[in-house]
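Each chain, written out:
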Amino acid sequence: MRKVLSLILALAMAMTMLTAFATTAVAEVTKPESISIFIDGTVFTTNNARDAFQARWEELTGIKLEITQPDHDAYYDVLQQQIASGDWPDVMILSSTYYSAYAAEGVLWDMTDAWEASDLKASGRFTGDSVVEGLKIDGRLYGFSPTRGNGCVTYVKQAWLDAVGMQAPTNWDEYYAMLQAFTTQNPDGDDKKETFGVAAAGFVGPEAPYVNYLPEFYQDGTPTFDKDENGVWFDGFTQDSMKAALERLNKAYVDGVIDPTTLTNGTKDCRNKYYDDTFGAFTYWAGTWATNLKSNLEANNLSGELVALPPIAEVGAYLDRVPPVWAISSACENPEGVYKYFIDTMLDGGDMQMLWTYGVEDVHWSMKAETVLAGTDKEKTYEDGQFHMKESLEQAGTVYTKHHIDPMLALASFAEGYYDPREDSVKAEAKAASELFNTHSKLAIIVPTTEEMSMYNGDLVTLKNELIAKVTMGDLSYEQAMAKFESDGGAEWSKAIVDSLNALNK
Amino acid sequence: MVSASIPKDIRRSRLKARILKYKGFYLMFLPVLAFAIIFHYLPMLGIRFAFTKYNLIKDPVFVGFKNFERLFSMPNFWSAFANTLNLSIVKLLLNTFMAVIISLLLNEMVNIHAKKLAQTIIYIPHFMSWVVTASVFQMLFSPTTAGLVNQALMKLGVTTQNIYFLGDSKWWTPTYYIINVWRDTGWGTIIFMATLTGIDPGIYEAASIDGCGRWQKMWYITLPSLSNTIITVLILNLAKVMNLFESAFVLQNDAVMNVSQVLQTYVYYQTFNSGTIPDYGFTTAIGLFRSVVGMLLVLACNVASKRVRGRGIV
């Protein structure tokens, strides 16, 4: 009996020691004295009182922040130079391309364990598990995003649906019938003006996930690399689903239901044509853009009522872009501390989340009674205690809408009892479009970097885009396009890249 | 021969004396020399990356001529090279030809106010950015009822259906030349107008007394007087043909890459279209190739200039 008791006691002591050791390991994260960060223009710039942001952040944490913020457009050029110099910052913002490439090259610290032990994960407020999973490379996490990447939903003009006597479509046949009606049945009421069903900025997008401006046409087709259910990589361009997508695009072009200048349209051209009532179905960004589209249509004396379509049956889910991430460099001397005090606090549900979402009180937002100039001849008066964003310091006459974290894309709510300004600051249509997107979207996958990708993908993307355009416009048949794909080296490059991606699985 | 017969120490002291004598000029030259070294010669050290594999993260790895082997095996590269020469040279000839014609026409204008007004109007397009120019011409050439050119052609019965001028490989190249002529011809007339102003009026008077008509004066006096300037302009611009980028970049699209892709845009797409961090060794190799061809063209121009004008340009 005594022996059994001793054994139990010994085991209990061992368990206690192990638990204590584990607790100490987590608790023993050293608070850094300073953190160097490399940021783009999505964080307030010096012209927008970055100093006030920095002071407030330092006040909340007691840590000194060393900020490097190049011009937004030159961010990755400067970051690359910084990395090449060997003087790596502790923390940096990275797009999905740089994220996967830097992770592959060992530039980034593996934050998987830090995430698993984080306060945010344990808070119960975090809603972005799928985003975190999507950011993992070979099962390991090298970057964290406080928001979704966002994506596009299809907006249809309710007035045009009424004019042609149709309901919002739910499948491809209904969608195409709607486009045909928009093209031929004079939905804008102007006999002389040409109208189209749909328009986009190019037949294929310039960046991943490439198909998000015309999801109804691509459906399950993709021109880029994808993984099957077994985790085997393939080139979507060579699949039957892509052939079907090209046939749908070609039919729409021949039938005239897609704006014939889609090839040369920029996104601004599309928006302007939408505001001019030239076409009726527009796949564009969810969230704030729902409000922008509405208000611009109304500014042209048109109905601003838009239907944000749930994805048609064949699409299934809209694509959520891989969001830019915050990553810690492998040169950081105290990565656990940086994670705990910098990254894990971003969505703390309190003052820090408020700072990253809206900025500094009485600099970027306020609760005081005041009149804010929001446009050349628009003024809005707020009462005391009413949350509102303030006039931009950089662009007089415009109002701030958010800081780094878009409140509609945030992956965690504010803590219970903490005032969440979202209800007061986000318009109903923007919230509805955002919620529809969040409900009906899936995260685009991250394609890892390989040497073959770096060697061939530039030429391969150019060739694929050319063939997509030519098949759509009827300059080449699908068979001719694939023959050209073979003869110009596309098939060879594609195979080399696919093989290199699958070699990573082994 | 003379300098060789002078002892070295005397030559050196003479050089020192000359430098001291002209020290003011040498001092003024110093900033220019520093500028040239810092911004033109030091960056040339980057040429070494053309012989490496380098992604700016790990140290560059020497690969010899592999980047060039890969470059020369890429069909898109040769297509871009051919397009660069084709678009640049035809554009240069067309722009120069049109600039000469317009200069001659302007020179014939008697009313000075009308002449100045015409000059101002034709100079303006040069000051529009290529992005704005591309937007304007995309609207003008649009294959819809909003496209002014297509509507005009259809009204005139030239065509029965819209032509996608900027989206069809057959039409893109001529449209590109037209847009370039519209934008740059006016600016190109400046140098020709300056030459025309310098022609001695006495020659025209003498020709008139001899019974020459306006056409004969233009053919026998004006054009020969301009010929040296035309050749100079052509030669100087020929050296820049490899620099083509902005005009091709803003007007190109996926459907016309086979005729609109030039070397500079090829480098751009290799850098930003690969979906990953590019191999800067490879893109530097393309840049080096472009520079070498550009240098050969400059040397050829120099030889041509010596033969035509009796003096070189470098």
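Residues numbered from 1 in each chain as written. Chains lettered and ligands numbered in written order. Predicted model: local features only at pLDDT ≥ 70, side-chain atom pairs only at ≥ 80, totals over all residues. Heavy atoms only, no water.

1. Regarding the nonpolar core
Residues and elements named next belong to chain A.
Thought 1: Residues Tyr155, Leu179, Phe217 and Tyr218 are the most contacted members of the largest nonpolar core, which totals 100 residues.
Thought 2: Ranked by the residues each element gives to this core, the list is headed by helix α18 (residues 451-472), at eight residues.
Thought 3: Excluding its chain neighbours within four sequence positions, the residues that come into contact with Phe217 are Trp172, Tyr175, Leu179, Val198, Ala245, Arg248, Leu249 and Ala252.
Thought 4: Counting 65 residues, the second-largest nonpolar core is a separate cluster that includes Val91, Tyr98, Ala101 and Phe126. (Core = buried A, V, L, I, M, F, W, Y, C linked by side-chain atoms within 4.5 Å. Buried < 20%, exposed > 50% of the residue type's maximum accessible area, 1.4 Å probe, protein only. Helix = DSSP H or I, 4+ residues; strand = E, 2+ residues; numbered from the N terminus. Contact = heavy atoms within 4.5 Å.)

2. Description of helix α2 (residues 50-61) of chain A
Residue and element names in this part refer to chain A.
Thought 1: Helix length check: α2, at twelve residues, gives a terminal C-alpha distance of 16 Å against a target of 16 Å (1.5 Å per residue), a fit within 8%.
Thought 2: Buried within α2 are the following residues: Arg50, Phe53, Gln54, Trp57 and Thr61. Down the axis of α2, the buried set is contained in an arc of 95 degrees. They therefore lie on one face. Of the exposed residues in α2, the ones pointing more than 90 degrees away from its buried face are Asp51 and Glu59.
Thought 3: Where α2 is buried, its residues meet β1 (34-38), β2 (64-68), α14 (335-343) and α15 (351-358). (Expected span 1.5 Å × (residues − 1). Arc of directions from axis to C-beta.)

3. Quick word on the packing of helix α12 (residues 267-275) of chain A against helix α13 (residues 288-299) of chain A
All names here are of chain A.
Thought 1: One can describe the packing of α12 onto α13 by two numbers: an axis separation of 9 Å at closest approach and a directional angle of 50 degrees. The orientation of α12 with respect to α13, classified from their angle, is oblique. On α13, the residues touching Arg271, Tyr274 and Tyr275 of α12 are Trp289, Asn292, Leu293, Asn296 and Leu297.
Thought 2: Looking at the contact of α12 with α13, its residues break down into five nonpolar, two polar and one charged. (Axes fitted to C-alpha atoms, helices over the stretch in contact; angles between N-to-C directions. Parallel < 35°, antiparallel > 145°, perpendicular 65-115°, else oblique. Nonpolar A, V, L, I, M, F, W, Y, C, P; charged D, E, K, R; others polar.)

4. Quick notes on the pairing of β2 of chain A
Look at any regular strand and the pattern is simple: side chains alternate between the two faces of the sheet.
All names here are of chain A.
Thought 1: Burial along β2 is one-sided: the face carrying Leu65 and Ile67 is buried and the face carrying Lys64, Glu66 and Thr68 is not.
Thought 2: Looking at chain direction, β1 and β2 are connected through five bridges and run parallel. Bridge assignment links Phe38 to a residue of β2, and that residue is Thr68. (Pairing = 2+ DSSP bridges.)

5. Digging into the interface of chain A and chain B
Thought 1: Taken residue by residue, the interface counts 37 residues in chain A and 36 residues in chain B.
Thought 2: Where chain A packs against chain B, one counts two salt bridges.
Thought 3: In this structure, Glu451 of chain A and Lys53 of chain B form a salt bridge, with 3.9 Å as the shortest nitrogen-oxygen distance.
Thought 4: The interface formed by chain A and chain B includes twelve residue pairs in polar contact (both at pLDDT 80 or more).
Thought 5: Of all the secondary-structure elements, those providing two or more residues to the side of chain A that touches chain B are α3 (75-85), α4 (96-104) and α18 of chain A.
Thought 6: Considering every element that reaches the side of chain A that touches chain B, the biggest residue donor is α18 of chain A, with 14 residues.
Thought 7: Partitioned by chemical class, the residues of the side of chain A that touches chain B number 18 nonpolar, eleven polar and eight charged. (Salt bridge = Lys/Arg side-chain N within 4 Å of Asp/Glu carboxyl O. Polar contact = N/O pair within 3.5 Å; in protein donor to acceptor, adjacent residues only side chain to side chain.)

6. Looking at the sheet that holds strand β5 (residues 152-157) of chain A
All names here are of chain A.
Thought 1: Taken together, the four strands give an open sheet; going across it, the order is β6-β9-β5-β10, and neighbouring strands pair in mixed fashion. What marks the edges here is a single partner per strand, and that holds for β6 (196-198) and β10 (306-309). Averaged over all pairs of adjacent strands, the angle between their axes in this sheet comes to 25 degrees, without regard to strand direction.
Thought 2: Taken together, the two bridges between β6 and strand β9 (residues 279-285) define a ladder with parallel strand orientation. Bridging from a neighbouring strand, Phe196 pairs with Phe279 of β9.
Thought 3: Across the sheet, helix α9 (residues 172-184) lies against β5, β6 and β9, angled at about 150 degrees from β6, the strand it touches most.

7. A word on the state of the cysteines
Residues and elements named next belong to chain A.
Thought 1: Counted according to the given criterion, the structure contains zero disulfides over all chains.
Thought 2: Cys152 carries a free sulfur, and the closest cysteine sulfur to it, the one in Cys270, is 11 Å from it.
Thought 3: Look at Cys152 and you get buried, because its relative accessible area is 2%. (Disulfide = S-S within 2.5 Å.)

8. Focus: the packing of aromatic side chains
Thought 1: Within the structure shown, the criterion is met by 65 aromatic pairs over all chains.
Thought 2: Their ring planes at 70 degrees and their centres at 5.4 Å tell us that Trp326 of chain A and Trp356 of chain A sit as a pair that is edge-to-face. Taken as a pair, Trp326 of chain A in strand β12 (residues 325-328) and Trp356 of chain A in helix α15 lie far apart in primary sequence, 30 residues in all.
Thought 3: Judged by its relative accessible area of 1%, Trp326 of chain A is buried.
Thought 4: On the basis of relative accessible area, Trp356 of chain A is assigned to the buried category, the value being 0%.
Thought 5: One aromatic cluster is present, built from ring pairs that chain together Phe51, Phe65, Phe68, Phe72, Phe77, Trp78, Phe81, Tyr266 and Phe289 of chain B.
Thought 6: We note Lys157 of chain A situated over the ring of Trp160 of chain A; from NZ or CZ to the ring centre the distance is 4.9 Å. (Phe/Tyr/Trp six-rings, centres within 6.5 Å; stacked < 30°, edge-to-face > 60°. Lys NZ or Arg CZ within 6 Å of the ring centre and 35° of its normal.)

9. What to know about the sheet that holds β1 of chain A
All names here are of chain A.
Thought 1: A sheet is described by the order of its strands in space; here five strands give the open sequence β2-β1-β3-β12-β4, paired in mixed fashion. The outermost strands of the open sheet, each flanked by one partner alone, are β2 and β4 (143-144).
Thought 2: Strands β1 and β2 of the sheet are contacted by α2, whose axis makes an angle of about 150 degrees with β2.
Thought 3: Here α14 sits on the sheet and contacts β1, β2, β3 (91-94), β4 and β12; the angle it forms with β12, its principal contact strand, is near 150 degrees.

10. Side note on the environment of Gly287 of chain A
Residue and element names in this part refer to chain A.
Thought 1: Looking at the secondary structure, you find Gly287 in the loop between β9 and α13.
Thought 2: Sequence separation between Gly287 and Ala432 is 145 residues, and the spatial gap between their C-alpha atoms is 7.7 Å.
Thought 3: Setting aside chain neighbours within four positions, we find Gly287 in contact with Tyr155, Met408, Ala430, Ala433 and Ser434.

11. Quick look at the packing of α2 of chain A against α15 of chain A
Residue and element names in this part refer to chain A.
Thought 1: Axis separation between α2 and α15 bottoms out at 10 Å; the angle between their running directions is 165 degrees. If you check the angle between α2 and α15, you find them roughly antiparallel. Helix-helix and strand crossings are classified by hand; for α2 and α15 the assignment is left-handed. In contact with Phe53, Arg56, Trp57, Leu60 and Thr61 of α2, α15 contributes Asp351, Met352, Leu355 and Trp356.
Thought 2: Of the residues contributing to the contact of α2 with α15, the split by class is six nonpolar, one polar and two charged. (Left-handed = near helix turned anticlockwise from the far one by under 90°.)

12. Section: the domain arrangement of chain B
Residue and element names in this part refer to chain B.
Thought 1: As assigned here, chain B comprises domain 1 (2-52) and domain 2 (54-309).
Thought 2: With six residues of domain 1 at the interface, the matching set in domain 2 holds 14 residues.
Thought 3: When domain 1 packs against domain 2, close to 800 Å² is buried across both sides, 73% of that on carbon and sulfur atoms.
Thought 4: Area buried by domain 1 at its contact with domain 2 is led by Ala50, Phe51 and Thr52, which between them contribute 72% of it.
Thought 5: At the surface where domain 1 touches domain 2, the tally comes to zero salt bridges.
Thought 6: Seen at the junction of domain 1 and domain 2, the total is four residue pairs in polar contact (both at pLDDT 80 or more). (Domains from an automatic or database assignment. Buried area = accessible area lost by both parts, 1.4 Å probe.)

13. Details of the confidence of the model for chain B
If pLDDT is low for a region, its predicted coordinates should not be looked at in detail.
All names here are of chain B.
Thought 1: Looking at chain B, the pLDDT average stands at 90 and 97% of residues meet or exceed 70.
Thought 2: When the elements of chain B are averaged for pLDDT, helix α1 (residues 2-5) gives the smallest value, 56, and helix α12 (residues 246-251) the largest, 96.
Thought 3: Here the complex is predicted with pTM 0.84, and the ipTM for its interfaces comes to 0.83. (pLDDT = per-residue confidence, 0-100.)

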